[in-house]
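Observations on the model geometry
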Amino acid sequence: MALKEDQRKYISNKIRELGTINKVNKFYSQNDLISEYAKRIAPSLLFQDKTIGPGPVKGQLPNRIIRKPITNLHFALKNQVFRV
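Before going into details, it helps to say that this report is about the structure given with it.

Calculation notes
Residues numbered from 1 in each chain as written. Predicted model: local features only at pLDDT ≥ 70, side-chain atom pairs only at ≥ 80, totals over all residues. Heavy atoms only, no water. Core = buried A, V, L, I, M, F, W, Y, C linked by side-chain atoms within 4.5 Å. Buried < 20%, exposed > 50% of the residue type's maximum accessible area, 1.4 Å probe, protein only. Helix = DSSP H or I, 4+ residues; strand = E, 2+ residues; numbered from the N terminus. Contact = heavy atoms within 4.5 Å. Phe/Tyr/Trp six-rings, centres within 6.5 Å; stacked < 30°, edge-to-face > 60°. Salt bridge = Lys/Arg side-chain N within 4 Å of Asp/Glu carboxyl O.

**Topic: the nonpolar core**
- Of all hydrophobic cores here, the largest spans 12 residues; its members are L3, I11, I15, L18, V24, Y28, Y37, A38, I41, A42, L45 and L46.
- Sorting the residues of this core by element identifies α1 (5–18) and α3 (33–46) as the ones contributing at least two each.
- For this core, the element with the most residues is α3, which contributes six residues.
- Among residues more than four places away in sequence, those in contact with L18 are K23, V24, F27 and Y28.

**As for the side chain of K14**
- When you line up the elements, K14 lands in helix α1.
- Using a relative accessible area of 14% as the deciding quantity, one classes K14 as buried.
- Setting aside residues up to four positions removed in sequence, K14 forms contacts with F27 and Y28.

**Here we look at the packing of aromatic side chains**
- What the rule picks out here adds up to one aromatic pair.
- For the ring pair F27 and Y28, a centre distance of 4.9 Å and an interplane angle of 80° mean the geometry is edge-to-face.
- Its relative accessible area of 45% is what places F27 among the partly exposed residues.

**Some thoughts on the pattern of salt bridges**
- Inspection of every chain in the model, using the stated rule, returns two salt bridges.
- Between R8 and E5 there is a salt bridge whose closest N-O contact spans 2.5 Å. With R8 and E5 both in helix α1 and three residues apart, the pair spans about one turn of that helix.
- Under the relative-accessibility criterion, R8 is labelled partly exposed at 29%.
- Residues E17 and K14 are paired through a salt bridge, measuring 3.2 Å at the closest nitrogen-oxygen approach. Linking E17 with K14, this pair stays in helix α1, spanning three residues, or about one helical turn.

**Points about the environment of R16**
- Locating R16 in the fold gives a position in helix α1.
- Classification of R16 by relative accessible area gives partly exposed; the value is 44%.
- Along the backbone, R16 and A42 are 26 residues apart, and their C-alpha atoms lie at a distance of 8.2 Å.
- When near neighbours in sequence (up to four residues on either side) are disregarded, R16 contacts L45 and L46.

As far as function goes, none of this settles anything; it's purely spatial.
Now the structure itself:
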């Protein structure tokens, strides 16, 4: 059984409200279609463009940073490839 569009929107909004992967995993901890869907899409929703601070100041980080999740964590850990 596939999820309906309104269910997917609710889950996406809830993931954004929770804010972290750990909170999503705790909230959607059951072994069902909804929990599996939420855990699968959470990284792409939470690691989109982020805005930090009030604005650029000389010597500080820029206003926007782009964070993308590492899709192959095993490879990154094995080869010590990390992006900051």
